Amino acid sequence: MSDLRELYQDVILEHSKAPRNYRELQNANHKAEGFNPLCGDHFTIYLDLEGDKVQDVSFQGSGCAISKASASMMTQSVKGKSKEEVERIFERFHKLVTGEGNGDREALGKLAVFAGVSEFPVRVKCATLAWHTLQAALDGKQEKITTE
Ligand code: ZN
């Protein structure tokens, strides 16, 4: 189990050092900014939403390794998905990081690496910041959101 945990940590560190989809999306039609004052994580999510489908998604900003890796892996997992599918993934992910139920790890795929976050309640907001911000972007809200 400790080996598995290390492996998970590697994935998170790797994503935080080399985040995927880390750029401003020029043709974004939705955008939201999220801030987690507890840790200082601060991200902007750019979204190209075509009808109900996430055509493209990217992010920029700064934060701790967990928040950055979460944003990076989130962009990978929601690209090409419908709003409803994104909601479902976030629901599972939220259950996983808060330790409610098992969060259906198989369905989460790579996102299951965040299971360890449930042992550190203060980190839950780091792991979910990008997702809350994505939701705000999907809802078309332009204002800043905060986890507080
Ligand atoms: Zn953080």
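All values reported here derive from a predicted model rather than from experimental measurement. (Residues numbered from 1 in each chain as written. Predicted model: local features only at pLDDT ≥ 70, side-chain atom pairs only at ≥ 80, totals over all residues. Heavy atoms only, no water.)

Asks: Any chance you could explain the pairing of strand β3 (residues 53-62) here in plain terms?
Replies: As a general feature of sheets, a regular strand has side chains that alternate between the two faces. Looking at chain direction, strand β2 (residues 41-50) and β3 are connected through 9 bridges and run antiparallel. Bridge pairing links I45 to F59 in β3. In this antiparallel pair of consecutive strands, β2 and β3, the connection spans 2 residues, and G51 shows a positive phi of 65°. (Pairing = 2+ DSSP bridges. Helix = DSSP H or I, 4+ residues; strand = E, 2+ residues; numbered from the N terminus.)

Asks: Even after reading the chapter, I still don't get the coordination of the zinc ion, so can you show me in this structure?
Replies: Ideal values differ by geometry: the angle at a metal is 109.5 degrees with four tetrahedral donors, but 90 or 180 degrees with six octahedral donors. On the protein side, the zinc ion has C39 (SG), D41 (OD), D41 (OD), C64 (SG) and C126 (SG) as donor atoms, found 2.2 to 2.6 Å from it. Counting gaps between the donor residues of the zinc ion yields the pattern C-x1-D-x22-C-x61-C. With C39 in the loop between β1 (30-36) and β2 and C126 in helix α5 (residues 124-138), the pair connects residues that are 87 residues apart, well separated along the chain. On the accessibility criterion, C39 (34% relative accessible area) is partly exposed. (Donors = N, O, S within 2.8 Å, 3.2 Å for Na, K, Ca; no water. Buried < 20%, exposed > 50% of the residue type's maximum accessible area, 1.4 Å probe, protein only.)

Asks: When you look at the packing of aromatic side chains in this model, what are you seeing that I'm missing?
Replies: For any pair of aromatic rings, geometry is given as the distance between the ring centres together with the angle between the planes. The final tally for this structure, using the stated rule, is 5 aromatic pairs. Where F43 meets F59, the ring centres are 5.6 Å apart and the plane angle is 70°; that geometry is what we call edge-to-face. Taken together, the residues F43 in strand β2 and F59 in strand β3 connect sequence positions 16 residues apart. Judged by its relative accessible area of 0%, F59 is buried. Site record: aromatic cluster; members linked through ring pairs are F90, F93, F114 and W131. (Phe/Tyr/Trp six-rings, centres within 6.5 Å; stacked < 30°, edge-to-face > 60°.)

Asks: How should the packing of helix α2 (residues 65-78) against α5 be read in this particular structure?
Replies: Two packed helices can be described by the angle between their axes and the distance between those axes. Look at α2 against α5: their axes get within 7 Å of each other, and the N-to-C directions meet at 45°. Considering the angle they form, α2 stands oblique to α5. The two elements α2 and α5 cross, and the hand of that crossing is right-handed. Residues I66, S67, S70, A71, M74, S77 and V78 of α2 form the contact with α5, whose participating residues are C126, A127, A130, W131 and L134. For the contact of α2 with α5, the class distribution of residues is 9 nonpolar, 3 polar and no charged. (Axes fitted to C-alpha atoms, helices over the stretch in contact; angles between N-to-C directions. Parallel < 35°, antiparallel > 145°, perpendicular 65-115°, else oblique. Left-handed = near helix turned anticlockwise from the far one by under 90°. Contact = heavy atoms within 4.5 Å. Nonpolar A, V, L, I, M, F, W, Y, C, P; charged D, E, K, R; others polar.)

Asks: Explain the packing of helix α3 (residues 83-98) against α5 here, please?
Replies: Remark: α3 packs on α5, axes separated minimally by 11 Å, with the N-to-C direction vectors making an angle of 165°. Between α3 and α5, the crossing angle belongs to the class labelled roughly antiparallel. Classified by chirality, the crossing of α5 by α3 is left-handed. Of the residues in α5, those touching α3 at K83, V86, E87, I89, F90, F93, H94, V97 and T98 are V124, A127, T128, W131, H132, L134, Q135 and L138. The residue inventory of the contact of α3 with α5, partitioned by class, reads 10 nonpolar, 5 polar and 2 charged.

Geometric values such as these leave the question of function open.
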